[in-house]
Amino acid sequence: MSAPRRAILLAGLGALAAGAASGAASAVEVAPGLFVLPGLHEEASADNLDAIGNVGFVVGREAVAVVDPGGSLAHGQHLRRAIAAATPLPIRHIVLTHVHPDHVMGGAAFADCGAEVIGHARLPEALAQRHEFYGAMLAREMGAAAAGSAALAPTRLVAPGQDEMLELGGRALRLTAHPPAHTDHDLSLFDAATGTLWLSDLLFVERIPSLDGSLPGWRRVLEGLARWPGVMRAVPGHGPPAVDWPAAAAPLARYLDALERETRAAIATGIGLAEAPARVATAEAAGWRLAEAYHGRNVTAAYRELEWE
Amino acid sequence: MPHRPSLPRRPVLLGAGLAATGFRPVLAQGIESAEAPRRTERWRDLREAIFGSRRAEPAGEALILTAPARALDAAAVPIAIALSAEAAPAVRAVTLVIDENPAPVAARFEAGPGGDLRTLSTRVRVDAYTFLHAVAETADGRLLETAQFIKAAGGCSAPLGGTLEAARQRLGRMRLVLPEGPPGPGRAVPVQVAVSHPNTSGMQIDQLTRLSIPAEFLRALRISYRGAEVMRIETDISIAENPTFGFALQGEPGGELRVEALDNRDRRFEAAWMLVPAG
Ligand SMILES: [Zn+2]
């Protein structure tokens, strides 16, 4: 009987080691009952378990809402342990802020908890188009560590222009579905009790933004959000767990402005799609982490959106 | 509530997840050596299917194919093909092949009496890591080939840039870009023409029905200047949304550049511009 025991023990150590290697963050309570598990400014890998985006949870008097279940099964499990360490209350809601894999592929870790899964009205289509692709991509980036990772299908949708309230007991989160911005289906949360605006990838800090929705649209959404009353802080999808609002949006706004202005100029002067990435907004891109991996893609996306306006 | 399709009330894992798909780690670095023999064989088969038993020679400096090593957007990868000044006059057609795409022949450019093929460009969808091949056919029947490996995936099934409705409203609109102005006597200039067309691959999913969007794509373009045909381009689903083509144009200024396009539903689109020097 010693052999199986040893195997179990080794598996246990392996799990610990994996946690240590990933630099697994602990949850930061950025406001009373509002926790963020900070992500790393890296690309997905077996070492970081795709824990590269800020995810977290909000605790009410009766229930817990998860905001993005993580980037992989292992990341989701890590988040679930962080929730269990913070509260014995049940997880009743899982909010998916958008389709990107670092935010949704940890859903598998919450498949058994019976919670409703909330997303933007356009999220199901985005998942239908991309889920399989993201699964293959994660396997390529993480190898065996990606096994079991998958998103949860939304069970409740929020339509643009029709904000909904999420009641956690003594605390209600306002859910807003936005017009195309970072993606074409961004969902944000506002916790009036603490003045915390959970923007996820509508706000990038330090790590270069990635454009996958609409460039002019994103700028408009940011301008609108900057005028919201009663906001003390925001939670970005990438960057510190909490930042001042709207001050922390300034670098993002500057980058998006330069990207739009210089992409329009490139199109007007006949600079082609192949040449534009090396010539558009490179000065503004230089200050951001991972600019080399994303800036060219952003220019390509902006160019394709703006050339047919 | 009209915005809420009926949905399961409890969490449901999407798809089979990775555990059940038997995923295999893929070597992401370089050209996977284990794949090399299969890729060589694939190109041999494709070349035979497209060009028959004619022998092909390595093009060397005569034909240069330029593509990014890693695509920034697999659904719109810019490709450039250049013929050397010595080779260009003898070349009658250039074919661009994307080996691993579902429809590998992306485009065939054929020079008209009023044009040449010395610089060509377009944007393509790339479905998986693949070799791209360019093959030039000379007037005396020789084939010159060159290849380039590209890392890109998912381009054929990538969603449209915008909505299909917006694409339909713009359908057939054309753009002309003349970064260096109209051609002058003895001076060829770069020209880019683009046709607003979803050029759907049949592998994209409809936003509402979640069924495949039927393939709807340009089949052919004919470009003429001052009444003489510059080139014909045969196209297919590997060409990116809003098909875009670049080429060099020579001739007297002040002529009319005309583009006629035909899609697989027999719709015809047409535009013409007078190339008058500015000022
Ligand atoms: Zn994102």
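- In the nomenclature of an unreviewed UniProt entry, chain A is known as Quinoprotein relay system zinc metallohydrolase 2 of Roseicella aquatilis.
- UniProt's Sequence similarities (unreviewed entry) comment on chain A is quoted here verbatim: "Belongs to the metallo-beta-lactamase superfamily. Class-B beta-lactamase family."

**Re the overall build of chain A**
- Secondary structure summary: chain A contains nine helices and 13 strands in total.
- The principal-axis extent of the C-alpha atoms belonging to chain A is close to 75 × 45 × 30 Å.
- Burial statistics for chain A: of 309 residues in total, 60% are counted as buried.
- Considering only intrachain contacts with a sequence separation of at least 6, the fraction spanning at least 24 residues in chain A is 69%.

**Brief notes about the coordination of the zinc ion**
All names here are of chain A.
- Within the protein, the zinc ion binds to His98 (NE2), His100 (ND1), His182 (NE2) and Asp201 (OD); these donor distances fall in the range 2.0 to 2.2 Å.
- Mapped onto the sequence, the donors of the zinc ion take the spacing H-x1-H-x81-H-x18-D. You can see histidine 100 sitting in the loop between strand 5 (91–95) and helix 3 (101–104) and its partner histidine 182 sitting in the loop between strand 9 (172–177) and strand 10 (187–191), a full 82 residues away along the chain.
- Judged by relative accessible area, which is 8%, histidine 100 ranks as buried.
- Looking at histidine 182, the relative accessible area reads 0%, which means it is buried.

**What about the pattern of salt bridges?**
- In the structure shown here, the tally under the stated rule is 37 salt bridges over all chains.
- In this structure, the salt-bridge partner of arginine 38 of chain B is glutamate 100 of chain B, at a minimum N-O distance of 3.3 Å. Of this pair, arginine 38 of chain B sits in helix 2 (residues 36–51) while glutamate 100 of chain B is found in the loop between strand 4 (91–98) and strand 5 (105–111), placing the two residues 62 residues apart along the sequence.
- Residue arginine 38 of chain B is classed as partly exposed on the basis of its relative accessible area, which comes to 38%.
- A salt bridge links glutamate 270 of chain B to arginine 258 of chain B; its shortest N-O distance comes to 2.2 Å. Taken as a pair, glutamate 270 of chain B in strand 15 (residues 268–274) and arginine 258 of chain B in strand 14 (residues 256–263) lie far apart in primary sequence, 12 residues in all.
- Overall, arginine 258 of chain B belongs to the partly exposed group, its relative accessible area being 25%.
- One connected set of salt bridges, linked through shared partners, spans Arg219, Asp257, Glu260, Arg261, Arg264 and Glu309 of chain A.

**Observations regarding the side chain of serine 72 of chain A**
Residue and element names in this part refer to chain A.
- Within the fold, serine 72 resides in the loop between strand 4 (64–67) and helix 2 (73–86).
- Taking relative accessible area as the criterion, serine 72 reaches 0% and is therefore assigned buried.
- Only 3.1 Å separates the side chain of serine 72 from the backbone nitrogen of histidine 75, close enough to count as a polar contact.
- In this structure, serine 72 is in contact with Leu49, Asp50, Met105, Gly106, Met142 and Ser149, ignoring residues within four places of it in sequence.

**Points about the UniProt feature "domain: Metallo-beta-lactamase" (unreviewed entry) in chain A**
- Here the UniProt feature "domain: Metallo-beta-lactamase" (unreviewed entry) sits at residues 52–238 of chain A.
- Secondary structure content for residues 52–238 of chain A is 27% helix and 28% strand, while the C-alpha to C-alpha distance between its ends is 8 Å.

**Focus: the packing of helix 6 (residues 250–268) of chain A against helix 9 (residues 291–306) of chain A**
All names here are of chain A.
- Closest axis-to-axis distance for the helix 6/helix 9 pair is 9 Å, and the angle between their directions is 60 degrees. Considering their axes alone, helix 6 and helix 9 lie oblique with respect to each other. The hand of the helix 6/helix 9 crossing is right-handed. The segment helix 6 lies against helix 9, with Tyr255, Leu259, Glu260, Thr263, Arg264 and Ile267 engaging His295, Asn298, Val299, Ala302, Tyr303 and Leu306.
- Classifying every residue of the contact of helix 6 with helix 9 gives seven nonpolar, three polar and two charged.

**A few points about helix 2 of chain B**
Residue and element names in this part refer to chain B.
- With 16 residues, helix 2 extends 22 Å between its outermost C-alpha atoms, agreeing within 8% with the 22 Å of an ideal straight helix rising 1.5 Å per residue.
- All buried positions along helix 2 are accounted for by Arg39, Trp43, Leu46 and Phe51. Considered in projection along helix 2, the buried side chains sweep an arc of 95 degrees and stay on one side of the axis. Of the exposed residues in helix 2, those oriented more than 90 degrees away from the buried face are Pro37, Glu48 and Ala49.
- The inward-facing, buried residues of helix 2 contact strand 4, strand 7 (130–138) and strand 8 (143–150).
- Glycine 52 sits one or two residues past helix 2 and shows a positive phi near 70 degrees.

**Focus on the side chain of serine 149 of chain A**
- Along the chain, serine 149 of chain A turns up in the loop between helix 4 (123–142) and strand 7 (156–158).
- For serine 149 of chain A, the side chain forms a polar contact with the main-chain nitrogen of leucine 73 of chain A, separated by 2.9 Å.

**Some details on the pairing of strand 11 (residues 196–204) of chain A**
Residues and elements named next belong to chain A.
- Along strand 11, nine of the nine residues are buried, which leaves the element largely enclosed by surrounding structure.
- Bridging between strand 10 and strand 11 involves three bridges; their strand directions are antiparallel. Following the sheet pairing, aspartate 191 is matched in strand 11 by threonine 196.
- Connecting the antiparallel pair strand 10 and strand 11 is a turn made up of four residues, with glycine 195 showing a positive phi of about 65 degrees.
- Pairing geometry for strand 11 and strand 12 (residues 233–238), over five bridges, is parallel. If you follow threonine 196 over to strand 12, its bridge partner there is arginine 233.
- Taking the sense of rotation as the criterion, the β-α-β connection linking strand 11, helix 5 (residues 215–226) and strand 12 turns out right-handed.

What counts and how
Each chain has its residues counted from 1, running along the sequence as written. The order in which chains are written sets their letters, starting at A; the order in which ligands are written sets their numbers, starting at 1. Local features in a predicted model are, by the rule used here, given only for residues with pLDDT of at least 70; side-chain atom pairs are given and counted only at 80 or more, and totals for whole chains, interfaces and linings are based on all residues. Side-chain metrics rest on all non-hydrogen atoms present in the structure, leaving aside hydrogens and water. UniProt positions are given in the numbering used here, feature names are shortened, and annotations may be inferred rather than shown by experiment. Helix and strand definitions follow DSSP, with helices as H or I runs of at least four residues and strands as E runs of at least two, each counted in order from the N terminus. The classification of residues rests on relative accessible area computed with a 1.4 Å probe and restricted to protein chains. Under 20% of the type maximum is buried, over 50% is exposed, and intermediate values are partly exposed. Contact definition: two residues touch when any of their heavy atoms are within 4.5 Å. Note: metal donors comprise N, O and S atoms at 2.8 Å or less from the metal (3.2 Å for Na, K and Ca); water molecules are not included, so apparent gaps in a site are possible. Every case where a carboxyl oxygen of Asp or Glu lies within 4 Å of a side-chain nitrogen of Lys or Arg is listed as a salt bridge. Two N or O atoms form a polar contact when they lie within 3.5 Å of each other; inside protein one atom must be a possible hydrogen donor and the other a possible acceptor, and for residues adjacent in sequence the pair counts only when both atoms belong to side chains. Here an angle of 0 to 180 degrees is reported between the N-to-C directions of two axes, which are lines fitted to C-alpha atoms, with helices fitted over the stretch in contact. Throughout this description, any angle smaller than 35 degrees is read as roughly parallel, any larger than 145 degrees as roughly antiparallel, any in the 65 to 115 degree range as roughly perpendicular, and the remainder as oblique. Left-handed describes a crossing whose near helix is turned anticlockwise from the far helix by less than a right angle; the clockwise case is right-handed. When residues are grouped by polarity, Ala, Val, Leu, Ile, Met, Phe, Trp, Tyr, Cys and Pro land in nonpolar, Asp, Glu, Lys and Arg in charged, and all others, Gly among them, in polar. To estimate the expected span of a helix, subtract one from its residue number and multiply by 1.5 Å. It is the directions from the helix axis to the C-beta atoms whose arc is reported. By this definition, two strands are paired if DSSP reports at least two bridges between them. The definition of a right-handed crossover adopted here requires that, viewed with the strands pointing away, the path from the first strand over the helix to the second runs clockwise.

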